[in-house]
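# Overview (structure and organization)
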Amino acid sequence: MPNIKPISDLRNYSDVLRDVSVGAPVFLTKNGRGRYTIMDMRDFEKMQATLQLLNELAHGKESGERNGWATLDEVEKALGIDHE
């Protein structure tokens, strides 16, 4: 269940921060609407890494569609993989 608090609870920010844990961000509302998220640094770093990976995969897909796809043999040769 999401942990939702009004932004006015930040007056006692230590109580709000105590509720933040890995996989359990705190969502802050302003005037009854979602406005901010406080999350654990590990979750933030994982999210950033996921976004970067998805971005790289999208670029790879665009490149493959634009320039053609490499065959398995070409990839193995480029990586120095030898199947004897």
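Structural notes, computed from the coordinates.

## Notes on the pairing of strand S3 (residues 33-38)
The element S3 is largely exposed, with a buried count of 0 among its 6 residues. Pairing of strand S2 (residues 26-30) with S3 involves 5 bridges; the strand directions are antiparallel. For Lys 30, the partnering residue across the bridge sits in S3 and is Arg 33. Between S2 and S3, which follow one another and run antiparallel, lie 2 residues, and Asn 31 among them has a positive phi close to 55°.

## Brief notes about a nonpolar patch on the surface
Taken together, Met 39, Met 41, Phe 44, Met 47, Leu 51, Leu 53, Leu 54 and Leu 57 make up a surface patch of nonpolar side chains, about 760 Å² in accessible area. Here Met 41 falls in the exposed class, since its relative accessible area comes to 53%.

## Concerning the environment of Ile 38
Relative to the helices and strands, Ile 38 is located in strand S3. Considering only alpha carbons, one finds Ile 38 and Arg 66, 28 residues apart in sequence, at a separation of 40 Å. The residues contacting Ile 38, other than those within four sequence positions of it, are Leu 10, Val 16, Leu 17, Val 20, Pro 25, Val 26 and Leu 28.

Calculation criteria
Residues numbered from 1 in each chain as written. Predicted model: local features only at pLDDT ≥ 70, side-chain atom pairs only at ≥ 80, totals over all residues. Heavy atoms only, no water. Buried < 20%, exposed > 50% of the residue type's maximum accessible area, 1.4 Å probe, protein only. Helix = DSSP H or I, 4+ residues; strand = E, 2+ residues; numbered from the N terminus. Pairing = 2+ DSSP bridges. Patch = residues over 30% accessible without salt bridge, like charges linked within 9 Å, V, L, I, M, F, W, Y side chains within 5 Å. Areas by Shrake-Rupley, 256 points an atom, 1.4 Å probe, with all protein chains shown as cover. Salt bridge = Lys/Arg side-chain N within 4 Å of Asp/Glu carboxyl O. Contact = heavy atoms within 4.5 Å.

Don't take any of this as a statement about function, it's just geometry.
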